[in-house]
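Structural characterization, general
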Amino acid sequence: MNPLRILFTGVGGQGTLTASSLLAQAALIEGKEAILSEVHGMAQRGGVVESTVMLGGLKSPLISQGEADILVSFEPLEAIRALNKCHSDATIITNITPIVPFTVELGGPSYPDVEKNIEKMRTVFKNVIAINADDLAKEAGTQRAVNVVLLGVLLGTGLVPISPDSMKATIQQRVKPKFIEANLKAFELGFSAV
Amino acid sequence: MHPLLQDNPGHKMLLLGNEAIVRGAIEAGLKVGSTYPGTPSSEIGNNLFLASQDENAGFYFEFSTNEKVAMEVAASASAAGLRSLVCMKHVGLNVASDALMTLSYIATKGGMVIVTADDPSMHSSQNEQDNRIFAKFANLPMLEPRSPQEAKDMTIEAFELSERLELPVILRTTTRTAHVRGPVTFGELSKDTASIGKFEKDPRRWVPVPAVARVRHKVLLERMDIASSLCEESRFNHVIGNGKLGIVSSGVASNYVADCIMELGLEDKVRFLNLGFTFPHPRKTIINFLNSVEKVLVVEELEPFIEDAIKCIMVEEGIQKEIFGKASSHFSRCYEFDPKMVKKAILDVLELDEPDQKTLPDLSWVPELPMRPPSLCKGCPHRETYNAVKEALKAIGKEEITIYPTDIGCYTLGLLPPINMADYLICMGSSVGSSCGFSVATEQKIVSFIGDSTFFHSGISPLVNAVHNGHKFCLVILDNSTTAMTGHQPNPGIQLKPQGFDNPTVPIEDVVRGCGVKTVKKINPYKKNEAVEILKEVLQKDELSVVISESPVCLVFKKS
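Residues numbered from 1 in each chain as written. Chains lettered and ligands numbered in written order. Predicted model: local features only at pLDDT ≥ 70, side-chain atom pairs only at ≥ 80, totals over all residues. Heavy atoms only, no water.

Regarding the domain arrangement of chain B
All names here are of chain B. Put simply, the test is: Residue ranges assigned to each domain were obtained from an automatic or database domain assignment. In this description, contact between two residues means that some pair of their heavy atoms is separated by no more than 4.5 Å. The term buried area denotes the loss of accessible surface (1.4 Å probe radius) that occurs when two parts are joined, taken as the sum for both partners. Basic side-chain nitrogens of Lys or Arg form a salt bridge, by our definition, when they fall within 4 Å of a carboxyl oxygen of Asp or Glu. We call two N or O atoms a polar contact when they sit within 3.5 Å, provided that within protein one can donate a hydrogen and the other can accept it, with sequence-adjacent residues counted only if both atoms are side-chain atoms. Secondary structure is summarised from DSSP: a helix means a run of H or I of at least four residues, a strand means a run of E of at least two, and numbering begins at the N terminus for each. Gly is placed with the polar residues, together with every amino acid not listed as nonpolar (Ala, Val, Leu, Ile, Met, Phe, Trp, Tyr, Cys and Pro) or charged (Asp, Glu, Lys and Arg).
Taken domain by domain, chain B holds domain 1 (3–190 + 204–233), domain 2 (237–350) and domain 3 (381–550). Centre-to-centre, using C-alpha coordinates, domain 1 lies 33 Å away from domain 3. In this assembly, 14 residues from domain 1 lie in contact with 17 residues from domain 3. It is Tyr36, Thr65 and Gln126 that lose the most area in domain 1 upon contact with domain 3, and together they represent 40% of the buried surface on that side. Viewed at the interface, domain 3 and domain 1 are joined by zero salt bridges. Our count for the domain 1 to domain 3 interface comes out at four residue pairs in polar contact (both at pLDDT 80 or more). Residue contributions to the side of domain 1 that touches domain 3 peak at three residues, all from helix α2 (residues 42–52). Of the residues in the side of domain 1 that touches domain 3, the class split is five nonpolar, eight polar and one charged.

Structure below.
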């Protein structure tokens, strides 16, 4: 398979690291080797949490500017912030529910207009998918499944050579029993939303 | 059963570099492990701790009070013939370095592995020192993994090497090897179940009075000569490709080199010396390599450790080749690398343009974005303590003239607005020591902050100094009953104990009084009015005082 660089970004606590590790686990089930990089410690205290999933035999865990093939953002401001990591042919997948950082209240730059900026993204990127993952997660039964909704969207694009069945098997293995059903539904809702 | 204890050779699992080190240690028959937690090494200790709670684990593990203590625990276990591992973040090795520098003389019996996790770019650290220099400084062998699989394999190799040489072996990772997750194939578990060692007395070996140390220094040099020859044959050093440009690399940077060669098809232009056993330097391997290429690019993060060694070898051997790297400004001594940076340098030295570059989008329309820095969690008791101290100082009219020395932990985030109560910081425990200095150097009011775990780590000795030398300041101990920043590890003062963990606690108040502090008060930061009244009373006095602000970390409640 060709090298594929996927960047996940979001806010600490949204489950970005879990999402990237679920994706890599599903790849492993299919005998495809994935590597991930994660951030821990200070970087996680309510700050931006980025992780990468690299497929296709890549050894480098990091994505440089303009290298990402797919961006999956759990939060619209963080999507905008990470755009410089993507090349023009990249696919941008973003949640549209904002989490306003405390710096806005303290007089920093204002929170950007989500709709307007997503329209701008469409003019410079090949493929932009904007979705209310929070709503779909609620519909699935748990707001904490935003990450799995977005994994559904990601596989729904058909750009990642990992089958939905492998992902569902991974969810069954890795998610706590009482949340499996909601997460499977979250995955389905995301998958069919594309 | 803890997943890293499973006896299933051939099983493939996605592991963090840190988890792979733990699996490697378990496969190698670890008997004693110790640490003081610090990112990016924390998951090693966390997993060893959890695994050691399993009755079939077969090894002892402890969170020691600081890195020096942890080093001494692992060293003496090794002297008693047991395999031991100690892990810490890069600055932790500074704390442990007093032990390290002489441990290399008295050395080891059972295999001993010292893991140091460096943090280029300072994702969670106060500096980005290059701990490879410690290997040279202490004169000890060093291995540097490039992937989780190698982290596991090298840990096992490090134990074997350590026993063969009777020297501790340094395993050096960086954030991007410690926190990378990748597939790791499990190997056989050690069949050695004996967990009791025996210390054989030999004062001429283990007690480095000058007469002994003089002999032991020579022994160390002889051992390192043997290490040099082992390094030449190491399976972790290898050459691939057949071009005129030689590239030498190690650690995570070698992955960027490998991907660049693969993606741009440079196999016939580049000859790549990939180093994993990086100290002692593989001298013969490097000489042969230099003789097989026309020019050399050295790709290594932080200091020019390999680059300088190569230049030294060239002078001694009379080899003349162009060397590119740090000195030629192809790379910076600051911050971690990324794949593009490495690609650019390789293409520059090859005098090639980048083939079919992917087009970059026009992003000139992106507005100025609000930052999202890390911050104290909502409901964090530290916030309340900071607010109470500020209010008390305001009430007694001292807010304007107060300096706030701070320390290492979540509460360092008190630096940020709107709190703005972190004025000076060097390292673990410096809040107390620097308050002593400010108290003699200024007439300002001094209120310093330290966490419970950091207090036990290195706050006690400077507090004794403050009592003895009559320094005047108020030390606020933020006691949230855990080591929050690195993932809630226990410390000697904890009230909230992990399940199955019943070690005795050491109350902070007893320690503080035992140090000789006369004014010691406790506050509950959530009972604000009461707290402010107590603080006002304490802060009005011009004397040494300690206020212990007790409230468990909010994340503990969130997690349960």
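Brief notes about the sheet that holds strand β12 (residues 277–279) of chain B
All names here are of chain B. So the rule is basically this: Any two strands between which DSSP finds at least two bridges are classified as paired. Helix axes use the C-alpha atoms of the stretch in contact, all axes being lines fitted to C-alpha atoms, and the angles between their N-to-C directions lie in the range 0 to 180 degrees.
Read from one edge to the other, the open sheet built from seven strands follows the order β3-β2-β4-β5-β7-β6-β12, with strand pairing classed as mixed. For this open sheet the edge positions go to β3 (60–63) and β12, each flanked by a neighbour on one side alone. Bridging between strand β2 (residues 32–35) and strand β4 (residues 84–89) involves four bridges; their strand directions are parallel. Bridge pairing in β4 places Thr35 opposite Cys87. The strands touched by α2 within the sheet are β2, β3, β4 and β5 (112–118), with β3 carrying the most contacts at an inclination of about 130 degrees. Packed onto the sheet, helix α4 (residues 90–106) meets β4 and β5 and runs at close to 140 degrees relative to β4.

Re the interface of chain A and chain B
Taken together, the contact between chain A and chain B spans 58 residues of the former and 53 residues of the latter. Regarding the contact of chain A and chain B, the summed buried area is about 4,700 Å², with carbon and sulfur atoms giving 63% of it. In this assembly, chain A and chain B are joined by six salt bridges. Ionic pairing is found between Arg372 of chain B and Glu78 of chain A, a salt bridge with its closest N-O pair at 2.6 Å. Across the chain A-chain B interface, the total number found is 17 residue pairs in polar contact (both at pLDDT 80 or more). Listing elements by their share of the side of chain A that touches chain B, those giving two or more residues are β1 (4–11), α1 (16–29), β2 (35–37), α2 (76–82), β5 (86–95), α3 (102–105) and α4 (114–124) of chain A. Here the side of chain A that touches chain B is built from residues that sort into 29 nonpolar, 18 polar and 11 charged. Across two bridges, the pairing between β2 of chain A and strand β8 (residues 180–185) of chain B is antiparallel.

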